[in-house]
Amino acid sequence: APEVPPSPPVPLPAGVTVLSLRPEPHRPPPRPELAVRTRHVALVPDGARAVPGLLRRMRDVLEATSDATIKVVAAAVGQRRPRCLTLEVDIKAWTARYGLADQQSDHQGDQQSDHQSDHQGDHQGDHQGDQQSDHHGDHHGDRCGALDGAPAVLLLRTRDLFSLPFPLSRPVVTSLSLQAALRGWHLLLLPSSFPLSPRPPPSPHSLWRSQTSLAAQRRALLEEFGLKLEVLPDGSRRWHGCAKDTPRCFGTVRWQTPEYLLAGRWTPPCCLRALRATARHVLAQLEAAGIRHWLEGGTLLGAIRLGDIIPWDYDVDVGLYLQDVPKCHWLAEVVASGRPVEDPQGFLWEKAAEGEFFRVHYSRTNRLHVDLWPFYVRPGTALMTKDTWLGHRQDVEFPESFLVPLGTVPFAGGLAKAPNDPRAFLELKFGPGAIENPEYPNPGVRRL
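Rules behind the numbers
Numbers given for residues are sequential positions, taken from 1 along each chain in its written order. The predicted origin of the model limits local features to residues at a pLDDT of at least 70 and limits the giving and counting of side-chain atom pairs to 80 or more, whereas totals for whole chains, interfaces and linings rest on all residues. The basis for the side-chain values is all heavy atoms of the structure; hydrogens and waters are excluded. Disulfide: a pair of cysteine sulfur atoms within 2.5 Å of each other. A run of H or I in DSSP counts as a helix once it spans at least four residues, and a run of E counts as a strand once it spans at least two, with each numbered from the N terminus. For this document, the term salt bridge refers to a Lys or Arg side-chain nitrogen within 4 Å of an Asp or Glu carboxyl oxygen. Only protein chains enter the accessibility calculation, which uses a 1.4 Å probe; a residue whose area is less than 20% of its type maximum is buried, one above 50% is exposed, and one in between is partly exposed. By this definition, two strands are paired if DSSP reports at least two bridges between them. Note on definitions: angles span 0 to 180 degrees between N-to-C directions of axes, and those axes are lines fitted to C-alpha atoms, for helices only across the stretch in contact. Throughout, a contact is declared for two residues whenever any of their heavy atoms are within 4.5 Å.

## Things to note about the state of the cysteines
If you walk through the whole model with that rule in mind, you get one disulfide. Here Cys84 is linked by a disulfide to Cys144, with a sulfur-sulfur distance of 2.0 Å. Taking the sign of the S-S torsion, -120° for the link of Cys84 and Cys144, the bridge is left-handed. You can see Cys84 sitting in strand β3 (residues 83-90) and its partner Cys144 sitting in strand β5 (residues 142-144), a full 60 residues away along the chain.

## Focus: the pattern of salt bridges
Considering all chains together, one arrives at 26 salt bridges under this definition. In this structure, Arg157 engages Glu63 in a salt bridge whose closest nitrogen and oxygen atoms are separated by 3.2 Å. With a gap of 94 residues between them, Arg157 in strand β7 (residues 152-157) and Glu63 in helix α2 (residues 54-64) connect regions that are remote in the sequence. Exposure remark for Arg157: the relative accessible area of 10% places this residue in the buried category.

## Comments concerning the sheet that holds strand β10 (residues 237-239)
With mixed pairing, five strands are arranged side by side in an open sheet as β6-β3-β4-β9-β10. The sheet is open, and its two borders are formed by β6 (146-148) and β10, each paired with just one other strand. If you compare each strand with its neighbour and ignore which way they point, the axes differ by 25° on average. With three bridges connecting them, strand β9 (residues 229-231) and β10 associate as antiparallel partners. Counted as the bridge partner of Glu230 is Arg238 from β10. Where helix α7 (residues 172-182) meets the sheet, its contacts fall on β3, β4 (95-100) and β6, and the angle it forms with β3 comes to roughly 55°.

Right under this line is the structure:
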């Protein structure tokens, strides 16, 4: 079932048809689930050669296993064996985490499987295709969450395959593994393997095209699945979300509630990474300029709770003394010119359109930002006030004594300036128990 029929046409054995998976306006919608009439279905990569009896052996193992979570049986194609990985998919955090799986075997029913194969006319197949597995014990298989590093044939029940929302999305092994992990399914990787058809060595250009196409398929798949980060077994990270040169991963925030909260998710990890980078940059610039500043509102709440940005927050808030604004070169230039200013690291400083405060964006394109709120002592009082109030819960005046002297708190991998009594400061702004009882910014729209 390719996306388009092969060209030039390929002669096919009797009973074999090609089903195009690409919708076309003048044809009925492709319905592969109606074309597969068998109880089981095998997904076979290009270049795999048949081994008599091996698909039947895979089917028998699948039906005989006592592990109800085993929904897929796999066998390698070629001499390289895929790596057996664990896989955890956290939809709320937009993240897939891979690990190295302990080898776990499935024993029950394998003798029955061998017995059935031997009595169904597969003596020749067992001898030709399963000689290697008899030596290694084909009744052992590795229980995996995902496979990586080499092609494999996958066999599963037809009803299970077509119960998935993306049954035939490519890359097939990645797509099935991600969807299986979300359902608590596992794959059983057998020691048996299918031979790989001999081919001439690929040219550097064809190898590059193949790798580029596979990478593009993987990116498109993860975008379709709403996954922004893959954490690999060695701890390294593969990012698929927004960057300096792309827009952020969510639209305009309305009623203090970004669209991802309405979808039951938290801030995309690529956005949190960009917010941390912007916050560290801005705080370093303010510190170097000698500007008195401190973490404000929900940002301070995250620092006290987690030492980091709250996992569902969409910006960073920093307070500073209005009279210190001219000390910062970038803020002074924004005030003087009335226009945004891009610094050498690509961060964009500007005056906010909503009122008398400043905003520093991750880049001209990616509008994740830090808000800088200029406070001053209200005449005749000892209270800090400001000229723009947006109606947020933390928008209240507070005694300057919270800032004299300033304290520090861990934040985003470093230390940040903060009010000297963070708990009292936060309870003044959010109410008693604010630290212990987290809430979304606007609980009236969406509750945690």
